[in-house]
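Overview (structure and organization)
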Amino acid sequence: MSTERYLNHPTFGMLYRVAPVAESRDLYATLYAQRIFFLVTLQERGAHFEVIPLMDARHFAEQNLARCRREGPEAQARWRQLFDQTFI
């Protein structure tokens, strides 16, 4: 299963998913521009974008890594690689 997912933001362009946060809620970052992070809530009539600070985004991504430890080494390796590319 591929974990790559992208959205198009009306102002900032292409966003990529960094980590799932909760049901219908994911952490996204800008793909081309300076790093801007969003909590995106998918709704029936579209998506709600909430800009969040870098440290909050990092916290959500670290929580996702902790959850992935239970899923096995393959899942954790995929998310760890994305985490490193985004925050280091």
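Everything below is about the structure shown above.
Residues numbered from 1 in each chain as written. Predicted model: local features only at pLDDT ≥ 70, side-chain atom pairs only at ≥ 80, totals over all residues. Heavy atoms only, no water.

1. Considering the pairing of strand β1 (residues 6–9)
- Relative to strand β2 (residues 13–22), β1 runs antiparallel, the two being bridged by 4 bridges. Paired with Tyr6 across the strands is Tyr16, a residue of β2.
- The turn linking β1 back onto β2 is made up of 3 residues. (Pairing = 2+ DSSP bridges. Helix = DSSP H or I, 4+ residues; strand = E, 2+ residues; numbered from the N terminus.)

2. Observations concerning the side chain of Thr86
- Relative to the elements of secondary structure, Thr86 occurs in helix α2 (residues 73–87).
- Its relative accessible area of 8% is what places Thr86 among the buried residues.
- Other than its neighbours up to four places away in sequence, Thr86 contacts Tyr16, Val18, Arg35 and Phe37. (Buried < 20%, exposed > 50% of the residue type's maximum accessible area, 1.4 Å probe, protein only. Contact = heavy atoms within 4.5 Å.)

3. So, a nonpolar patch on the surface
- Together, Tyr6, Met14 and Tyr32 make up an exposed nonpolar region whose accessible area comes to about 370 Å².
- For Met14, the location among the structural elements is in strand β2.
- A relative accessible area of 32% places Met14 in the partly exposed class. (Patch = residues over 30% accessible without salt bridge, like charges linked within 9 Å, V, L, I, M, F, W, Y side chains within 5 Å. Areas by Shrake-Rupley, 256 points an atom, 1.4 Å probe, with all protein chains shown as cover. Salt bridge = Lys/Arg side-chain N within 4 Å of Asp/Glu carboxyl O.)

4. Things to note about the packing of aromatic side chains
- Evaluation of the coordinates by the stated rule reveals 4 aromatic pairs.
- With centroids separated by 5.4 Å and ring planes inclined at 10°, the aromatic side chains of Phe37 and Phe87 adopt a geometry described as stacked. One end of the pair, Phe37, is in strand β4 (residues 37–43); the other, Phe87, is in helix α2, with 50 residues separating them in the sequence. The burial state of Phe37 is the same as that of Phe87; both residues are buried.
- Both rings, one in Phe83 and one in Phe87, keep their centres 5.0 Å apart while their planes meet at 40°; by these two values the pair is tilted. (Phe/Tyr/Trp six-rings, centres within 6.5 Å; stacked < 30°, edge-to-face > 60°.)

5. Brief notes about the pattern of salt bridges
- Scanning all chains against the criterion turns up 5 salt bridges.
- As a salt-bridge pair, Glu50 and Arg25 come within 3.3 Å of each other at their nearest N and O atoms. With Glu50 in strand β5 (residues 46–52) and Arg25 in strand β3 (residues 25–30), the pair connects residues that are 25 residues apart, well separated along the chain.
- Using a relative accessible area of 34% as the deciding quantity, one classes Glu50 as partly exposed.
- For Arg25, a relative accessible area of 28% translates into the label partly exposed.
- A salt bridge links Asp84 to Arg80; its shortest N-O distance comes to 3.4 Å. With a gap of 4 residues between them, Asp84 and Arg80 both fall in helix α2, about one helical turn apart.
- Owing to a relative accessible area of 30%, Asp84 belongs among the partly exposed residues under this scheme.
- A relative accessible area of 37% places Arg80 in the partly exposed class.

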